[in-house]
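Chain and residue survey
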Amino acid sequence: MLFRRPHLAVVSCLIALALPALAFAQTAPAPSPTEPATTSPTPSEAVVLNPFVVSTSTETGYAATNTLDGSRLNTALRDTPAAVSVFTRDLLDDINATDITTLLRYDLSTEFDFNDGNSEGNGLQTGAMDSGAVWRTRGLTGSASTNGFRDAGGADDLYNVESAGSTRGPNAILFGTGAAGGVLNLRSKTANPTRNSGTVEFKVGSYDTRRGTFDVNRSLIPKKAAVRVMGVYDHKGSHTPYKYSKKIGATLAGQYKFADNTTLSVSFERNRTEGVGGRSWGALDSVTVFLNALKSGDVVFDPVDERYETRNGAVVAASSGVGNLANRNVLVYGPDLGTPTLWEGATAAANRTTLSSTASQFTGAKPVTDESIAPYNAVTFTGASEWGEIKYQNFNTTFNHRWFKNFYMELAYNLSERDTDSMISQNPELRADLNYRLPGGALNPYFFGNGYYFGQQTYIRLTRAFRDETMRASFSYDLELKRFGFHRFAAMAERYINNNKRLRTSEVWAGAPFGGTPESANNRLQRRRYFKIDGPYENYTAGYSTHIFAPESYASAFPAVGTLTSTWVAANDVDFDDEITTDSQLFVMQNYLFNRRLVTTFGLRRDSIDTFGPRTLRDATTQAWRFATAADQPSFDASGRTWYEATEQGGNRRSIGAVLHLTKNFSLTANTSDGIELPSRNRTVLPFERVPDPYKGEGRDYGLAFSFLENRVSGSIKHYKSSSLRENTNEVVQTVFGNPNNDVMASFEYYYRQAGLTNLGSGAPITSVDELRSIYFSDADSYLSDRISEGYEFETIVNPTRAWTIRAGYAYTDRSRTNVLSEGEGWWADRNALWKSLDTFYTSRTGQPSVFNQLLVDAAGATTNRTVNDRIADSDRELTNVRLEEEQGYGNRKHKANLWTRYSFMSGALRGLAVGGGYRYQSENVAGFDTTQRRTLYGNPRSLFDFLLQYKTKGFFGRWNNRTSFTYQINMFNVLDDQTIYISKLLVDTATGATYARRAWREDPRSTTFTVRMDF
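Residues numbered from 1 in each chain as written. Predicted model: local features only at pLDDT ≥ 70, side-chain atom pairs only at ≥ 80, totals over all residues. Heavy atoms only, no water.

A few points about the overall build of the protein chain
Each helix and strand counted, the protein chain has eight helices and 50 strands in total. Since a compact globule built from 1016 residues should have a radius of gyration of about 31 Å, the 32 Å found for the protein chain is in line with a globular shape. Based on the C-alpha atoms only, the size of the protein chain along its principal axes is roughly 95 × 75 × 55 Å. In the protein chain, which comprises 1016 residues, the share counted as buried stands at 55%. Relative to all contacts within the protein chain whose residues are 6 or more apart in sequence, the contacts with residues 24 or more apart total 72%. For the protein chain, the exposed area adds up to about 41,900 Å²; of that, 55% sits on carbon and sulfur atoms. When the 109 positive and 108 negative side-chain charges of the protein chain are each reduced to one mean point, those points stand 7 Å apart. (Helix = DSSP H or I, 4+ residues; strand = E, 2+ residues; numbered from the N terminus. Rg over C-alpha atoms; globule rule 2.2 N^0.38 Å. Buried < 20%, exposed > 50% of the residue type's maximum accessible area, 1.4 Å probe, protein only. Contact = heavy atoms within 4.5 Å. Areas by Shrake-Rupley, 256 points an atom, 1.4 Å probe, with all protein chains shown as cover. Lys, Arg positive; Asp, Glu negative; His and termini not counted. Charge placed at Lys NZ, Arg CZ, Asp CG, Glu CD.)

Next comes the structure, spelled out in structure tokens:
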């Protein structure tokens, strides 16, 4: 990786900072028994040894008391103005949350993201092993962190997590670069020198669920040193064929106390996950027009001519949903997925043509196949192809020290690495082979009339490497001014280095044997599988290799081609290998005023972000895309660019909040904060056609917090507005600006050359005609817009009795998008001015009619029947339509509610037994928009019930009653086995006006898990 910093130097710096504190810790007198370690914000709170640490050892039930997730400082939740919800360990266990996905089921304002937040919504890569959990909070993108550090995204399992804090909205105090929706921060379990403890847990459940975890803490030197070892093995199957995940991981944590107020904590985690992902929906429909024509009699099979014909005897064609699927060659598998056969074209330069069904009964983007062919959730059409492997490791060390009364220091270092290698097979289509015979004359064994469908696909291999390194120094000082309040000041300096590499490679035949570039369609390896109609649903898959990523060789029938061997080459020029360095300085002030009835929090953060990454270019020898190096600079000189892209950006972020305790029962809260988020590094935007700048998030919320009956009833009501400003989205910019621009530029180039106007001389608007296709062609593939989300949130924890707990929440979210493509308007105006100058120069030098009135010659070199002026006008029309469509809040579910309750029997024959469960509701999602009738299209609401039955007992068959306890637990999700169809994208049939589901699947069926947990 370019410009990587030496880590030994980093660790040496931390040690140098820590050595004086260690010496001080050995000589400084311990505080007297009556001297508090710090001034407590409220007299009733326990003594806090360190403002950077929250202890969860005394927490029981679902209600947490303190958090770091609002201000980086240990603060009572009642004094925290930011919107924060805490998942305690007890709650995580009761809802059977084993990873982020299962936790988020009961998070407020959260909805899962199926790539349904944009108008296109094709769902590519949804469900891929590399993706992990993807969600929106308050309608905007959410993210996760571990112990306050941005990590590489591999820490999604909860086996080593003590609690989780969900912070909603941007927060400049917590992070300079983070998702505008909020952050789910996982707090890891730490070694405890004060006691020995251990837990062993086993789970078995539906769909081959098997999970085992252990957690053993041992005090090596009482109250001074401890070590904690944790591990997990987790296997999850699926109700659909092929899908599974298998994870194995371990964590080693240690702690050493040099003195009461000087502690060093270290942890190291490593895990590996493998499995098969894939979309929840099945194959795309390329067969129903033909099937409907057969059913109606509009198409019949003629056994004499051995072909399908229309009623009048004509050969079937597009009107019957039939066309040619033409690839240079195809690897063909039978239903048994045995050794494939290589089908080739008639010559080395000819494609292999299959007369095939090609159309859906709906015109427009193709939907999933109808349930009459394969029920939703019954097939995984990509089969076992989308296998992936994830390797993750995380190292963290934290040194805490109190220099003197009320002055604290924390030094921290975190290194997180994640490497993934996975397959992506996009969205294969279901087809019927209509060739009665093979090209050589033999009968086609997989002819549709013999009862076969087929699926065909090409593969993308996605290799990613993340490396997140953070060095942080934090200081805190508490100041008690008696009548003038209690004040806490904190400062932080941090360097965060993110190395992010992504390679998308296509499976091709090595050496480009069929000409063109290595990744061109002719060289792509096509895999096809035939399977029986009405056969086992696990056979409903496209073709795939059982030797994941391994090369395969086949002898071609043509000597000029020779042996074909599969390999992987870059799919396009949008890969990246970036290093992003963020230097941050943070100041935080908390003030407890008017006898602690008013609590204010102020944070100011300065971030400087430097990015560096090589550009891509075609290798002169292999013609494959690769990353540029300094030696390639001459290749970029003509365009005036460097071989790398580097940007610098700095900015101030702030967070201001207040809590006013009106009475013992009611408090007013208000908070405003902002932050920034890094854009997709493989996308470019107008006007400069480079990676967009980091974009800003803004959040405002205010509300009322309440507490009654000695905090047995507590909660809050908030109104919020969150915004993600000038974020990039990879759609539609080519339709509105890029494609019209390229066609017009190509036309000017054509007419200039046709007129012999190649030596332009002085006074020309451009230097060379070649610039029209090089410099002035646009390859921007992303546009900017603002996402605005506004709504209300209500959450409460109620304990009617000591045995009964209720946790409930409701959220209303209204999300929209504005300022769509505004960055392109000035760019387009400049292009129009350039074209006018080019046209004036052309007509004056040649005497020919205006280029604007001549026929358009498009970017592919084809002459059309439209004028250049017509093509320019397309942009205005497209911009109006696109803005109307893009401004909708796709994917948003306005109403979300959840409730979880538990009742424990405290005495009598049922003592130790607990029953409970939950309810999850989300209203219908915005699934589409009818631009003709100006109406929003909605999917279906979700309404699910869950169940808990738990029994706890001490000892083991009457022995070790004081040393062990056992928990037996049954969790059931979707108790009523709700099978509502989940529609993520609805479209309107351009022919009939009917709406149809482009992407749809059913809710996951009922599942049950049985858990045995032993604590000792």
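Alright, that's what it looks like, and here's the rest.
What to know about a nonpolar patch on the surface
A cluster of nonpolar side chains, contributed by Val204, Tyr951, Tyr968, Ile970 and Phe1010, occupies part of the molecular surface with about 400 Å² of accessible area. Looking at isoleucine 970, the relative accessible area reads 30%, which means it is partly exposed. (Patch = residues over 30% accessible without salt bridge, like charges linked within 9 Å, V, L, I, M, F, W, Y side chains within 5 Å. Salt bridge = Lys/Arg side-chain N within 4 Å of Asp/Glu carboxyl O.)

Quick look at the sheet that holds strand E18 (residues 329–333)
Strand-to-strand pairing in sheets goes through backbone hydrogen bonds, with the strands running parallel or antiparallel. The sheet built from six strands is open, its strands ordered E14-E23-E24-E27-E18-E19 with mixed pairing. The open sheet is flanked by strand E14 (284–285) and strand E19 (341–344), the only strands paired with a single partner. In the sheet, strand E23 (residues 429–431) pairs with strand E24 (residues 452–457) via three bridges, with the strands oriented antiparallel. In the strand pairing of E24, arginine 431 is matched with phenylalanine 454. (Pairing = 2+ DSSP bridges.)

Focus on the confidence of the model for the protein chain
Averaged over the protein chain, the pLDDT score is 91; the fraction of residues at 70 or greater is 93%. Contacts of residues 1–48 to residues separated by more than four positions or lying in other chains number 79 contacts, the stretch itself having pLDDT below 50. (pLDDT = per-residue confidence, 0-100.)

Description of the side chain of asparagine 122
Residue placement: asparagine 122 occurs in the loop between strand E4 (110–112) and strand E5 (135–137). Asparagine 122 sits in the buried class, given a relative accessible area of 16%. One polar contact links asparagine 122 to asparagine 115, side chain to side chain, over a distance of 3.3 Å. Among residues more than four places away in sequence, those in contact with asparagine 122 are Asn115, Trp281, Asn427, Arg998 and Arg999. (Polar contact = N/O pair within 3.5 Å; in protein donor to acceptor, adjacent residues only side chain to side chain.)

Re helix H7 (residues 823–846)
For H7, built from 24 residues, the straight-helix expectation of 34 Å at 1.5 Å per residue is met to within 8% by its first-to-last C-alpha distance of 35 Å. Taken together, the buried positions of H7 are occupied by Glu823, Gly824, Trp827, Trp828, Arg831, Leu834, Trp835, Leu838, Asp839, Phe841 and Tyr842. Lining the buried residues of H7 we find strand E37 (713–729), helix H6 (733–754), strand E38 (783–801) and helix H8 (868–886). With its phi angle positive at about 75°, glycine 847 sits one or two positions after the end of H7. (Expected span 1.5 Å × (residues − 1).)

Some remarks on the packing of H6 against H7
Relative to each other, H6 and H7 sit at 10°, their axes nearing to 12 Å. It follows that H6 is roughly parallel to H7 by the angle criterion. As for how H6 packs across H7, the hand of that crossing is left-handed. Contacts between H6 and H7 involve Phe737, Pro740, Asn741, Val744, Met745, Phe748, Tyr751 and Tyr752 from the first element and Gly824, Glu825, Trp827, Trp828, Arg831, Leu834, Trp835, Leu838, Asp839, Phe841 and Tyr842 from the second. Here the residues of the contact of H6 with H7 sort into 14 nonpolar, two polar and three charged. (Axes fitted to C-alpha atoms, helices over the stretch in contact; angles between N-to-C directions. Parallel < 35°, antiparallel > 145°, perpendicular 65-115°, else oblique. Left-handed = near helix turned anticlockwise from the far one by under 90°. Nonpolar A, V, L, I, M, F, W, Y, C, P; charged D, E, K, R; others polar.)

With respect to H8
Its 19 residues give H8 an end-to-end C-alpha distance of 27 Å, which sits within 8% of 27 Å, the value for a rise of 1.5 Å per residue. What H8 keeps buried is the set Val868, Arg871, Ile872, Asp874, Ser875, Leu879, Val882 and Glu886. Those residues of H8 that are buried are in contact with H6, E38, strand E39 (804–818), H7, strand E40 (855–857) and strand E41 (863–867).

Some words on unusual backbone geometry
Cis geometry is adopted by the peptide bond preceding proline 687, which originates at leucine 686 and carries an omega value of 5°. Take proline 687: it is sitting in the loop between strand E35 (666–677) and strand E36 (695–708). Phi angles above zero are rare outside glycine, and asparagine 819 is one such case at about 55°. Take asparagine 819: it is sitting in the loop between E39 and H7.

Some words on the packing of aromatic side chains
Counted according to the given criterion, the structure contains 51 aromatic pairs. With 6.5 Å between their ring centres and 20° between their planes, tyrosine 752 and phenylalanine 841 make a pair best called stacked. Within this pair, whereas tyrosine 752 is found in helix H6, its partner phenylalanine 841 is found in helix H7, the two being separated by 89 residues in sequence. The same class applies to tyrosine 752 and to phenylalanine 841, which are both buried. Geometrically, the ring pair formed by tryptophan 827 and tryptophan 828 is tilted, given 6.4 Å between the ring centres and 35° between the ring planes. (Phe/Tyr/Trp six-rings, centres within 6.5 Å; stacked < 30°, edge-to-face > 60°.)

Quick notes on the pairing of strand E34 (residues 644–661)
Bridge count between strand E31 (residues 598–614) and E34: 17 bridges; the pairing is antiparallel. Bridge assignment links threonine 611 to a residue of E34, and that residue is threonine 647. Pairing of E34 with E35 involves seven bridges; the strand directions are antiparallel. Residue pairing in the sheet places serine 655 in a bridge with serine 673 of E35. Where E34 hands over to E35, the hairpin turn is made up of four residues, counted between the paired strands.

Re the pattern of salt bridges
Between side chains of opposite charge, a pair can form as their charged atoms come close. With the rule as written, the count across this model stands at 71 salt bridges. Residue glutamate 120 pairs with arginine 998 through a salt bridge whose shortest N-O separation is 3.0 Å. Residue glutamate 120 is found in the loop between E4 and E5, and its partner arginine 998 is found in strand E49 (residues 995–1002); the two are separated by 878 residues along the sequence. Look at glutamate 120 and you get partly exposed, because its relative accessible area is 27%. Across the salt bridge formed by arginine 605 and glutamate 494, the nearest N and O atoms sit 3.5 Å from each other. In this pair, arginine 605 sits in strand E31 while glutamate 494 sits in strand E26 (residues 486–509), placing the two residues 111 residues apart along the sequence. Through salt bridges with shared partners, one network takes in Asp99, Asp156, Asp157, Arg211, Asp234, Lys236 and Lys247.

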